[in-house]
Amino acid sequence: MNTSSWRRLNVAVIGGGIGGMSVAIALRRAGHEVTIYEKSDFAGEVGASVSCAANGTRWLHEWGVDVAKGDPVVLKKLINRDWKTGEPVSVYDLDDYEKRWGYVYNMFHRQYMHAMLKDSALLDEGEGIPAKLLVNHKCRDIDMRTNTITFENGVTAQHDLIIGADGIGSAVRGILGIRPEKRPSDSSCLHTNVDADEAARLGLTNYSQDSALEYWGGQEGKWDKIVLSPCNGGKLLSYYCFFPREQGDFSTQAWGAEGRPVEDLLKPYPQLDRQVFKHLEIGKEIQPWRLWVHDPYPYIQKGKVCLLGDAGHPMMPHQSQGACMAIEDAAALGILFNKKYFNGDVVESLAVYETVRLPRVTRVQAAAAKAAYNINERIGFSVNKDTPTYKVEDPKKVLTIEEMNAYDMYRDVEEKLATVRGRKYEDKFICGLPIGMELPSGIIIGASA
Ligand SMILES: Cc1cc2nc3c(=O)[nH]c(=O)nc-3n(C[C@H](O)[C@H](O)[C@H](O)COP(=O)(O)OP(=O)(O)OC[C@H]3O[C@@H](n4cnc5c(N)ncnc54)[C@H](O)[C@@H]3O)c2cc1C
């Protein structure tokens, strides 16, 4: 499927977060010229871990990203602990993870991950034209006829392709006419950071030694759950603490808003294992993470504009796949617009992008919403099916590690492109005769009687 009509595009990426930086790298590698427009200046970002399983990590390697810059913890285990005693209920060993899936399961610190991606997108080294970043450019509107973006600062810019990577509160989504069906989750989440050295100095359990994603609670029907992920080479312990919304409603408070007092964090957990409870007592930067359940959107592109990452498919955090899905979106665009597949027709490529991405992200989105109140609904491998508490709504619907990590995006793109291009051929010709052609008898091919 080689195309000689490839042309270099002048691409706008609106939003310079994890997804925006990823797509800038992918399209730079595919030979395009990319400008990233970011509303903020990136000051005041609050730290937290972001997991990047093999299905995300593989693209970082394919793009030649210097993963060491992200100072990750490579996960070795997934440990589910008893809510009260902290004893392991199940331990899933990830020793053969890289061997099976080709790539490791990284746990990054958000800011380090972002800086790692930003360098890869903007610096001279590496293949392709370095992307440009313009901060303090908040998208206000897009003229869909002329592909012209207007920013709050009065600047306007015209591009061949516009990618809305502007996160969960996306402006581009509204411009495309998508009105989200959403509701606040029944659970709330507070996040806190614990300095692993400080915890060790105080004689508390040294969880950073496990290199593990650890969970307390989360059994069926219970909203209480603590998720601990180490990042920054194990120096920082990032805690996500879930509890029923009636015990604290932060659904309207933005991430990065004023921090909460430690009492808010401890209050919902009178019976929690004291080892982890003591960690929470020394937690810093306690931040609410507002959780909204979004139903899947009917479409994620229109004309020469598309959505990527949280803008196109915000999801609950319970499958740890939000960042990976944004990276996969970026990878799909990188493939569709590369020299092998792109034939100069932006509209067609975005239509295929939607058919490649929407089914997959919708499935992960649904599975993430289910895993909110039943840890057994988490991607197959992370729970022990032999424990007495194992119960799921429909075993066939549980996301499997195979479908996440063995997914062949190149093949998917190729098949969907072939379908679209095949159909186009049929659309233009009937029995080998072009639609609209007038036969000597006066019959017009394709015209209904
Ligand atoms: C606390 C927290 C922890 C998380 N943990 C995990 C995890 O462990 N694993 C995981 O997979 N996912 C995790 N996620 C989710 C993950 O971070 C997101 O799914 C991922 O960042 C999506 O990337 P994005 O680029 O779509 O959005 P974002 O990273 O949110 O980036 C959006 C960007 O767009 C900018 N922007 C917004 N509006 C405009 C505008 N109008 N004009 C210009 N720019 C604009 C924003 O300033 C921002 O920089 C977490 C999220 C949070 C908040």
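Position numbers for residues count from 1 along each chain, tracking the sequence in the order it is written. Per-residue local features of the predicted model are confined to residues with pLDDT of at least 70, and side-chain atom pairs are confined, for both listing and counting, to 80 or more; whole-chain, interface and lining totals are unaffected and use all residues. Remark: hydrogens and water are excluded; side-chain values derive from all non-hydrogen atoms of the structure.

So what exactly am I meant to see when it comes to the overall build of the protein chain here?
Each helix and strand in the protein chain was counted, giving twelve helices and 23 strands. A total of 449 residues make up the protein chain; the buried ones form 52% of that total. Contact between two residues is taken to exist if any of their heavy atoms lie within 4.5 Å; hydrogens are not considered. Restricting the contact set of the protein chain to residue pairs at least 6 apart, pairs at least 24 apart contribute 73%. Accessible surface area values rest on a Shrake-Rupley calculation with a 1.4 Å probe, where residue burial reflects the displayed protein chains alone. Carbon and sulfur atoms make up 50% of the accessible area of the protein chain, which amounts to about 19500 Å² in all. Each helix is a run of H or I in the DSSP string that is no shorter than four residues. Each strand is a run of E no shorter than two, and both are numbered from the N terminus. The classification of residues rests on relative accessible area computed with a 1.4 Å probe and restricted to protein chains. Under 20% of the type maximum is buried, over 50% is exposed, and intermediate values are partly exposed.

What's the story with the pairing of strand β5 (residues 77-81) in this structure? I'm lost.
For a regular strand, the rule is simple: side chains alternate between the two faces of the sheet. Within β5, four of the five residues are buried, which leaves it mostly tucked inside the rest of the structure. The pairing criterion for strands is at least two bridges between them, as found by DSSP. Here five bridges tie β5 to strand β6 (residues 88-93), and the two strands are oriented antiparallel to one another. Bridged to Asn80 within β6 is Ser90. As consecutive antiparallel partners, β5 and β6 are separated by six residues, and within that stretch Gly86 has a phi angle of approximately 80°, a positive value. Of the pairings in the sheet, the one linking β5 to strand β15 (residues 212-217) comprises five bridges and is parallel in character. Residue pairing in the sheet places Ile79 in a bridge with Glu214 of β15.

Even after reading the chapter, I still don't get the pairing of strand β10 (residues 148-151), so can you show me in this structure?
Pairing of strand β9 (residues 139-143) with β10 involves four bridges; the strand directions are antiparallel. Following the sheet pairing, Cys139 is matched in β10 by Phe151. Relative to strand β11 (residues 156-158), β10 runs antiparallel, the two sharing three bridges. Within β11, the residue paired with Thr148 across the bridge is Gln158.

What is the right way to read the packing of aromatic side chains from this model?
Aromatic rings in a pair are described by how distant their centres are and how their planes are angled relative to each other. In this analysis, rings of Phe, Tyr and Trp, with Trp reduced to its six-membered ring, are considered paired at centre separations within 6.5 Å, and the interplanar angle assigns stacked below 30 degrees, edge-to-face beyond 60, and tilted for intermediate values. Scanning the entire structure with this criterion turns up eight aromatic pairs. Seen from their ring centres, Tyr37 and Phe151 are 4.5 Å apart, and the 35° between their planes marks the pair as tilted. Taken together, the residues span a long stretch of sequence, with Tyr37 in strand β2 (residues 33-37) and Phe151 in strand β10 at a distance of 114 residues. Grouping residues by exposure puts Tyr37 and Phe151 together as buried.

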